[in-house]
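# Summary of structural features
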Amino acid sequence: NKEVDLANLKQKVDAGAHYVVTQMFFDNQKYIQFRESCKAAGIDVPVIAGIKPISALNDINLLPQIFHIDLPNDLVNAISKCKSDKDAREVGIEWAIMQSKDLLKQGVTGIHYYTYGGSDNIARIVKATF
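Here the structure is a predicted model, which means the values were calculated and not measured.

## Thoughts on the layout of surface pockets
Roughly 770 Å³ of volume is contained in the largest pocket. In terms of lining, the largest pocket is formed by 21 residues, of which the most central are K2, D5, Q23, K30 and F34. Residue assignment for the lining of the largest pocket shows that the elements contributing at least two residues are α1 (2–14), β1 (20–24) and α2 (28–40). The residue inventory of the lining of the largest pocket, partitioned by class, reads 9 nonpolar, 6 polar and 6 charged.

If you want it as structure tokens, here you go:
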């Protein structure tokens, strides 16, 4: 329940949290909506965007199941065309670069990159973005 989650988050901020890091997301509009909901709820700390680059073909199946997230159709279609994990990783890097640049244009306070294992993809994303 989003309302209960926001109320709980507000309690954490009121108790002294200095910032919030979002769950991973792949659609920047969801981040913008969440940030606006936080403001409306009186949450006035920075809301750091959580980005997880796709790194394997199976991510489009596993990530939604494990983390209860939605993937944009454009991303799913692009990954579905990939023949290998290497190809999917490249699509994931390009998507994360696009997301990061757009978030910066929209005044994001900061970006946290989720990585599991190797981080060479994160280095490429950061180099291309900042």
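The rest of the description comes next.
## Notes on the environment of L63
In this fold, L63 is placed in helix α3 (residues 59–67). Sequence separation between L63 and M24 is 39 residues, and the spatial gap between their C-alpha atoms is 9.4 Å.

## Quick notes on the side chain of S100
By the secondary structure assignment, S100 is in helix α5 (residues 85–105). For S100, a relative accessible area of 0% puts it in the buried group. Once residues within four sequence positions are removed from consideration, S100 is found in contact with I111, Y113, I125 and T129.

## A look at a nonpolar patch on the surface
A cluster of nonpolar side chains, namely L104, V126 and F130, defines an oily patch on the protein surface of about 270 Å² accessible area. Here V126 lies in helix α6 (residues 120–129).

## What about the nonpolar core?
Y31, I43, I51, L103 and I125 are the most contacted members of the largest nonpolar core, which totals 22 residues. With near-sequence residues (within four places) excluded, I125 lies in contact with P53, I93, A96, I97, S100 and Y113. M24, L63, C82 and W95 belong to the second-largest nonpolar core, a separate cluster that totals 12 residues.

## Concerning the pairing of β1
Bridge analysis of β1 against strand β2 (residues 47–51) gives 3 bridges, and the strand direction is parallel. When the sheet's bridge partners are listed, V20 is paired in β2 with V47. In this fold, the crossover linking β1 to β2 by way of α2 has right-handed handedness.

How each quantity is defined
Residues numbered from 1 in each chain as written. Predicted model: local features only at pLDDT ≥ 70, side-chain atom pairs only at ≥ 80, totals over all residues. Heavy atoms only, no water. 1 Å grid on protein atoms, 1.4 Å probe; cavity = no way out; pocket = protein on both sides within 12 Å on 5 of 7 lines; lining within 4 Å. Points joined across faces, edges and corners; volume = space filled by probe spheres on them. Helix = DSSP H or I, 4+ residues; strand = E, 2+ residues; numbered from the N terminus. Nonpolar A, V, L, I, M, F, W, Y, C, P; charged D, E, K, R; others polar. Buried < 20%, exposed > 50% of the residue type's maximum accessible area, 1.4 Å probe, protein only. Contact = heavy atoms within 4.5 Å. Patch = residues over 30% accessible without salt bridge, like charges linked within 9 Å, V, L, I, M, F, W, Y side chains within 5 Å. Areas by Shrake-Rupley, 256 points an atom, 1.4 Å probe, with all protein chains shown as cover. Salt bridge = Lys/Arg side-chain N within 4 Å of Asp/Glu carboxyl O. Core = buried A, V, L, I, M, F, W, Y, C linked by side-chain atoms within 4.5 Å. Pairing = 2+ DSSP bridges. Right-handed = clockwise from strand over helix to strand, strands pointing away.

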